[in-house]
Amino acid sequence: RSVSRTPVLRAPRRWAHSFPQLNSVTEHDLDYFRKILPPSAIITTLPPNPSPESELEPFNNDWMNKYHGKSTTVLKPRTTKEVSDIVKWCNDRHIGIVPQGGNTGLVGGSVPVKDELIISLANMSKVRSFDDVSGILVADAGCILQSLSDYLAPHNYVFPLDLGAKGSCQIGGNVSTNAGGLRLLRYGSLHGTVLGLEVVLPDGTVLDQLTSLRKDNTGYDLKQLFIGSEGTLGIVTGVSILTAPAPQATNNVMLALPKFENVLPLFKEVKRQLSEILSAFEFIDRRVYDLAIKHGQGRALDAEETEGAECFVLVETSGGNREHDEQKLNSLLESLMEADEPLINTGVLATSPAQFASLWAIREGLTEAVSKEGKPYKYDISVPLQKFQEVVDITREHLRSEGLMREGAVRHVVGYGHVGDGNLHLNVVADAYTPEVEAALEPFVYELVAKYNGSISAEHGIGVMKTHALHYSKNAVSIDWMKKIKQLFDPNGIINPGKVLP
Ligand code: FAD
Ligand code: MLT
Ligand code: ZN
């Protein structure tokens, strides 16, 4: 396909054809909600006792402050039964609902398109059970990822998912977005580790599939439909997940590379030498590394040693024997440095827990650094590894040719991501979110991804941002069946309207 420069439709028209007829929350509805929830679990700007607008603000605006809803009411149920009662009422009354976890999603899926009711899972945050033989954890959907990791640590287990938003995102949100994150290379996706779910369906029925079985081949695996469906088929209230034994030893090393072309041979070599102990291989281009340092994410590596480095790779190992792992890592570094044509300029091996954390802080802080620098247009794509740098460079050149690589428009075009998973985060950092920049980027980026047979969303989802672009990664038959599934589960279209489907 050729790369076209056709501007996309302006945002409000994107969902105009698919947004169902829905009712706003009224005082009559609030009277019902007040019967089932305590006052502290209701935030509303409706009379007779309106809460200040500022209390609703964090729920109506997304993490990037790019997407803005106009909800009048947030409910914070404490039990699955309360969720079910609210959803049943809303379905009967045709009131739209947005399920909200930690509101860290990056595609606008977690905030209303209009004035839908927000159901926050924040008050459902209990661990229901943990079996320290099987490692199976069952938890409320509102548990924060970091708190689950903290819970597991004394049991010598780790959560099979880790990401920079761990301090705020919730396990229900992680499951609903099928979050990938920094450990996917080691533990695989949530489609594999989630063993069971409890979901409140759009008519209020509770679908209890909260099994804790490793093996269960009894017909359709319905839970898989909810993993990654971004709250459009139901509200996840409980999650059963297989956690992993904590590694006895973890190490990391930040490698500085003279040129991008070395990333792939390096990945091959690292896999060959570290094999079973390799647990992360993360790519960071020079520009975004500099932004991380500028905005105080982690400690800078020695400037002299990293001079001229075009990009960086963070390698982590997790294994069962410290001596053995360190030996493997050291001999990897030696062989890399002593090669006739070294693939790396330098490698900084963490020698203390503080340094280990600081190296990860650089990688985990990229999202925040980019947001501090400006307004990021985030494209989370899967493309062949060889094309990572090309996609970033072509996009930058395209913006330059459009006269947008200038003060007042676009400041940086950067790339980072999960090389091990073929997932590039292309970030275009602009001064502001403007139709001009958006029209230059879309469908340009999506056409580029389609040219490489890639995916327009590797791990963040579709949300409201990419509904119009779904066809770049899903064919007509697939989209048709997705719509039929949505219709079957949610005939009134009340759950997360305007999201995922075009
Ligand atoms: P929210 O943002 O609240 O919601 C996300 C979507 O899920 C929405 O559509 C919402 O309606 C739905 N939802 C939420 N809870 C439920 C529920 N209980 N039932 C049904 N639907 C629900 N993503 C990655 O994949 N990998 C990363 O490495 C990664 N790193 C990130 C780093 C930072 C700093 C930030 C800000 C975001 C990052 N993300 C990453 C994005 C990401 O999708 C997540 O942070 C996370 O999975 C969202 O969880 P949440 O609880 O915040 O969900
Ligand atoms: C990451 O890998 O850091 C996340 O997916 C968030 C982002 O893309 O910025
Ligand atoms: Zn990511």
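Residues numbered from 1 in each chain as written. Chains lettered and ligands numbered in written order. Predicted model: local features only at pLDDT ≥ 70, side-chain atom pairs only at ≥ 80, totals over all residues.

Naming follows an unreviewed UniProt entry, where the protein chain appears as FAD-binding domain-containing protein of Obba rivulosa. According to UniProt, the comment filed for the protein chain under the heading Sequence similarities (unreviewed entry) is "Belongs to the FAD-binding oxidoreductase/transferase type 4 family." You can read under Cofactor (unreviewed entry) in the UniProt record for the protein chain the words "FAD". (UniProt positions renumbered as here; feature names shortened; annotations may be inferred.)

A. Quick look at the pairing of strand E13 (residues 278–285). In terms of burial, E13 is largely enclosed, as eight of its eight residues are buried. Pairing of E13 with strand E14 (residues 311–319) involves seven bridges; the strand directions are antiparallel. Across the sheet, the residue bridging to Glu282 is Leu314, located in E14. (Buried ≥ 20, exposed ≤ 12 C-beta atoms within 10 Å, placed from the backbone. Helix = DSSP H or I, 4+ residues; strand = E, 2+ residues; numbered from the N terminus. Pairing = 2+ DSSP bridges.)

B. Quick look at the environment of Ile277. You can see Ile277 is positioned in the loop between helix H10 (263–274) and E13. Placed 220 residues apart in sequence, Ile277 and Glu57 show a C-alpha to C-alpha distance of 44 Å. If sequence neighbours within four positions are ignored, Ile277 has contacts with Thr317, Ser318, Gly319, Asp325 and Lys328. (Contact = placed C-beta atoms within 7 Å.)

C. Main features of the packing of helix H2 (residues 27–36) against helix H4 (residues 80–93). Taken N-terminus to C-terminus, the directions of H2 and H4 make an angle of 165°; their axes are 10 Å apart at the nearest point. Judged by the inter-axis angle, H2 sits roughly antiparallel to H4. H2 and H4 meet at a crossing whose hand is right-handed. On H4, the residues touching Asp29, Tyr32, Phe33 and Ile36 of H2 are Glu82, Asp85, Ile86, Trp89 and Arg93. (Axes fitted to C-alpha atoms, helices over the stretch in contact; angles between N-to-C directions. Parallel < 35°, antiparallel > 145°, perpendicular 65-115°, else oblique. Left-handed = near helix turned anticlockwise from the far one by under 90°.)

D. The arrangement of the site of ligand 1 in detail. For ligand 1, the set of nearby residues contains 39 residues, the closest of which are Gly101, Gly109, Gly172, Gly173 and Gly231. Residue assignment for the shell around ligand 1 shows that the elements contributing at least two residues are strand E3 (97–100), helix H6 (171–177), strand E10 (235–242) and helix H15 (366–373). The element best represented in the shell around ligand 1 is H6, accounting for five residues. Partitioned by chemical class, the residues of the shell around ligand 1 number 13 nonpolar, 22 polar and four charged. When we break the shell around ligand 1 down by domain, the ones giving at least three residues each are domain 1 (27–120) and domain 2 (127–245). (Near = placed C-beta within 6 Å. Nonpolar A, V, L, I, M, F, W, Y, C, P; charged D, E, K, R; others polar. Domains from an automatic or database assignment.)

E. View of the site of ligand 2. Taken together, Gly164, Leu366, Thr367, Lys378, Asp380 and His425 make up the full set of residues near ligand 2. For the shell around ligand 2, the elements supplying multiple residues, two or more each, are H15 and strand E16 (375–382). Considered class by class, the residues forming the shell around ligand 2 number one nonpolar, three polar and two charged.

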